[in-house]
Amino acid sequence: MTRLSVIGFLDINAVIFSSVVFIGDNWLIAPRTRVIAVRRDFPSFFGNEGRFEDYPLFQRDWPRLPVPADVHFVKRDEGVIQVDLVRLTSLSTSAMFQAGSTHTVRSESRVKQFRQLASTNPAAFSHPPAPR
Amino acid sequence: MNLQVVNKEIHIGVIRVIGVASSSLLLVGDACNINLSAMADTPPEAVGPVVPLAAER
């Protein structure tokens, strides 16, 4: 991997949750994120909620992709990669932006969502209704 | 199988992206291996009353 990447202007706004911005060449990037996301109609949260071990989503194995057999690969580099302007609003949850070359990118994210909505079963609420 | 690739010069004007999320990659360059995985779970039973999740250990 010897090609040069040239970027004239780079503008990035937000980089969160194991995301990576890398300028230059590297060998390996492997970010990982585990998320338990809870949306409540009544916004009351306890700060220590959520146990990754309780949900099989965070334990199960990734499916393995078959490796293509017997591919003889030859490449020739004949020029630079040039981008005048990159404008990126946000990177989130193991996302990456790289200006440069890399050998391996291995990124993993697991997101478990919960929605605790008032409309599904109003009788089940012990909380007072939210103020208007 | 034989695979021959010639990387010529590339010139791009503007790349404008709102969001790169959940194990996605925006790469201006070359790579040998790219392996991006994401799992997401929002089952119907995730809709329910307000009960606190079990506390972390």
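This text goes with the structure placed above it.
In this numbering scheme, every chain counts its residues from 1 along its sequence in written order. By the order in which they are written, chains take letters starting at A while ligands take numbers starting at 1. For this predicted model, a pLDDT threshold of at least 70 governs which residues receive local features, and a threshold of 80 or more governs which side-chain atom pairs are given and counted, while totals over whole chains, interfaces and linings are taken from all residues. Excluded from the side-chain calculations are hydrogens and water; all other atoms, namely the structure's heavy atoms, are used.

Observations regarding the interface of chain A and chain B
Part 1: Contacts between residues were defined by any pair of non-hydrogen atoms, one from each residue, lying within 4.5 Å. Opposite the 73 residues of chain A that make contact, chain B presents 55 residues.
Part 2: Summed over both partners, the accessible surface that disappears when two parts come together, traced with a 1.4 Å probe, is what is meant by buried area. Summed over both sides, the interface of chain A with chain B buries roughly 5,700 Å², with 52% coming from carbon and sulfur.
Part 3: On the chain A side of the interface with chain B, the three residues burying the most area are Arg3, Arg51 and Val105 of chain A, jointly 9% of the side's total.
Part 4: By definition, a salt bridge exists where a carboxyl oxygen of Asp or Glu is found within 4 Å of a side-chain nitrogen of Lys or Arg. The tally of links from chain A across to chain B stands at three salt bridges.
Part 5: Put simply, aspartate 41 of chain B and lysine 112 of chain A hold a salt bridge, and the shortest N to O gap is 2.6 Å.
Part 6: Polar contact is the term for a pair of N or O atoms within 3.5 Å; when the atoms are in protein, one must be able to donate a hydrogen and the other to accept it, and sequence-neighboring residues count only if both atoms are side-chain atoms. Our enumeration of links across chain A and chain B arrives at 60 residue pairs in polar contact (both at pLDDT 80 or more).

Regarding the sheet that holds strand S2 (residues 10-21) of chain B
Part 1: The sheet built from three strands is open, its strands ordered S1(A)-S6(A)-S2(B) with parallel pairing. Each edge of the open sheet carries a strand with a single partner, namely strand S1 (5-16) of chain A together with S2 of chain B. Strand-to-strand, the axes of this sheet are offset by a mean angle of 5°, without reference to chain direction.
Part 2: Pairing between strands is defined by DSSP: at least two bridges between them are needed. Counting from the N terminus, the helices are the DSSP runs of H or I reaching at least four residues and the strands are the DSSP runs of E reaching at least two. Taken together, the ten bridges between strand S6 (residues 81-92) of chain A and S2 of chain B define a ladder with parallel strand orientation. Bridging from a neighbouring strand, valine 83 of chain A pairs with isoleucine 12 of chain B of S2 of chain B. The axes are straight lines fitted to the C-alpha atoms, using for helices just the contacting stretch, and the angles between their N-to-C directions are given from 0 to 180°.

Some thoughts on the nonpolar core
Part 1: Here, the term nonpolar core denotes a set of buried Ala, Val, Leu, Ile, Met, Phe, Trp, Tyr and Cys residues that are joined through side-chain atoms within 4.5 Å. Burial status follows relative accessibility: with a 1.4 Å probe on protein chains alone, a residue under 20% of its type maximum counts as buried, one over 50% as exposed, and anything between as partly exposed. Membership of the largest hydrophobic core comes to 13 residues, with the highest contact counts inside it found for Leu88 and Phe97 of chain A together with Ile15, Val20 and Leu26 of chain B.
Part 2: Secondary structure elements with two or more residues in this core: S6 and strand S7 (96-99) of chain A together with S2 and strand S3 (25-28) of chain B.
Part 3: Among the elements that take part in this core, S6 of chain A stands out by supplying five residues, more than any other.
Part 4: For phenylalanine 97 of chain A, the contacting residues outside a window of four places in its chain are Ile7, Leu10, Ile12, Val20, Val21, Phe22, Val86, Leu88 and Leu91 of chain A together with Leu26 and Val28 of chain B.
Part 5: Of all hydrophobic cores here, the second largest spans seven residues; its members include Phe58, Trp62 and Phe114 of chain A together with Leu53 of chain B.

Re the packing of aromatic side chains
Residue and element names in this part refer to chain A.
Part 1: A pair of aromatic rings is counted whenever rings of Phe, Tyr or Trp (Trp by its six-membered ring) have centres within 6.5 Å, and the orientation is called stacked for planes under 30 degrees apart, edge-to-face for over 60 and tilted otherwise. Tallied over the full model, the rule gives three aromatic pairs over all chains.
Part 2: For the pair phenylalanine 52 and phenylalanine 58, a centre-to-centre distance of 4.9 Å together with 70° between the ring planes defines the contact as edge-to-face.
Part 3: The exposure class of phenylalanine 52 is partly exposed, given its relative accessible area of 23%.
Part 4: A relative accessible area of 8% places phenylalanine 58 in the buried class.
Part 5: Grouped by ring-pair contacts, the aromatic residues Phe52, Tyr55, Phe58 and Phe114 constitute a single cluster.
Part 6: Over the aromatic face of phenylalanine 52 sits the side chain of arginine 34, whose NZ or CZ is 3.9 Å from the ring centroid. Definition used: whenever NZ (Lys) or CZ (Arg) falls within 6 Å of the ring centre and also within 35 degrees of the ring normal, the charge is taken to sit over that ring.

Observations concerning the layout of surface pockets
Using a probe with the size of a water molecule, rolled over the atoms, empty space left in the structure can be pinpointed.
Part 1: A volume near 720 Å³ is recorded for the largest pocket.
Part 2: With a 1 Å grid spanning the protein atoms alone, the term cavity applies to any set of points in which a 1.4 Å probe fits but cannot get out, the term pocket to an open set with protein on both sides within 12 Å along at least five of seven lines, and the term lining residue to any residue with an atom within 4 Å of a point. Along its surface, the largest pocket is lined by 25 residues, and Pro68 of chain A together with Cys32, Asn33, Ile34 and Asn35 of chain B are the ones closest to its centre.
Part 3: Elements with a contribution of two residues or more to the lining of the largest pocket: strand S5 (72-77) and strand S8 (102-116) of chain A together with strand S1 (2-7) and strand S4 (31-41) of chain B.
Part 4: Per element, the largest residue contribution to the lining of the largest pocket is seven residues, and it comes from S4 of chain B.
Part 5: All residues other than Ala, Val, Leu, Ile, Met, Phe, Trp, Tyr, Cys, Pro, Asp, Glu, Lys and Arg, Gly among them, are scored as polar; the first ten of these are nonpolar and the last four charged. Residue composition of the lining of the largest pocket, grouped by class: 15 nonpolar, five polar and five charged. Grid points are joined across faces, edges and corners, and a volume is the space filled by probe spheres set on the points.

These figures come from the coordinates and say nothing about function on their own.
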